[in-house]
Amino acid sequence: MRYLLDIDIAENKQSFAEEFFKTISFVKNVRKVARNEITNPTILQSIEDYENGKNIPTPLSLAELKEMINA
């Protein structure tokens with residue numbers, strides 16, 4: 001089983017927190033996630049599918065987009 005844990009830690013406590021989690025036997029990986037990094041697997045898969053040509057975007061006008069948002 002795998003869990004992803006999202007924790008907000010002050011910058012001055014970052015090294016302590018990383019070392020703490022590394023001491024727990026069942027924790028395999030500890031790393032800081034950049035503020036603009038995409039971590040959602042569904043979004044990452046969608047991007048990969050688009051880059052590989054498996055997913056073709058649907059053309060959409062600005063008027064249609066506004067209509068969808070206001071629906």
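Residues numbered from 1 in each chain as written. Predicted model: local features only at pLDDT ≥ 70, side-chain atom pairs only at ≥ 80, totals over all residues. Heavy atoms only, no water.

## Notes on the packing of aromatic side chains
Cut-off, in case you're wondering: Here is the rule: rings of Phe, Tyr and Trp (six-membered ring for Trp) pair when centre to centre is within 6.5 Å. Planes less than 30 degrees apart are stacked, more than 60 are edge-to-face, and the remainder are tilted.
Enumeration over the complete set of coordinates arrives at two aromatic pairs. Joined through ring pairs, the aromatic side chains of Phe16, Phe20 and Phe21 make up one cluster.

## So, the layout of surface pockets
Put simply, the test is: Both site types are read off a 1 Å grid over the protein atoms alone. A 1.4 Å probe that fits but cannot get out defines a cavity, while an open set with protein on both sides within 12 Å along at least five of seven lines defines a pocket; lining residues have an atom within 4 Å of a point. Grid points are joined across faces, edges and corners, and a volume is the space filled by probe spheres set on the points. A run of H or I in DSSP counts as a helix once it spans at least four residues, and a run of E counts as a strand once it spans at least two, with each numbered from the N terminus. Here the nonpolar group is Ala, Val, Leu, Ile, Met, Phe, Trp, Tyr, Cys and Pro; Asp, Glu, Lys and Arg are the charged ones; every other residue, Gly included, is treated as polar.
Roughly 1500 Å³ of volume is contained in the largest pocket. Taken together, 30 residues make up the lining of the largest pocket; nearest its centre are Leu5, Asp6, Ile7, Arg31 and Val33. Sort the elements by how many residues they give to the lining of the largest pocket and helix 1 (residues 14-22) lands first, with four residues. Classifying every residue of the lining of the largest pocket by side-chain character gives 17 nonpolar, three polar and 10 charged.

## With respect to the side chain of aspartate 49
The condition that has to hold: For this analysis, residues touch if any pair of their heavy atoms sits within 4.5 Å.
Among the secondary structure elements, aspartate 49 is positioned in helix 2 (residues 41-51). Sequence-distant contacts of aspartate 49, that is, excluding residues within four places in its chain, are made with Lys54 and Asn55.

## Points about the pattern of salt bridges
Test applied: Note on definitions: salt bridges are taken to be side-chain nitrogens of Lys or Arg within 4 Å of carboxyl oxygens of Asp or Glu. When accessible area is computed with a 1.4 Å probe and restricted to protein chains, residues below 20% of their type maximum are described as buried, those above 50% as exposed, and intermediate ones as partly exposed.
Taken as a whole, this structure holds two salt bridges when the rule is applied. Between glutamate 11 and lysine 32 there is a salt bridge, and its shortest N-O distance comes to 3.3 Å. One end of the pair, glutamate 11, is in the segment before helix 1; the other, lysine 32, is in the loop between helix 1 and helix 2, with 21 residues separating them in the sequence. Taking the relative accessible area as the measure of exposure, glutamate 11 reaches 58% and is therefore exposed.

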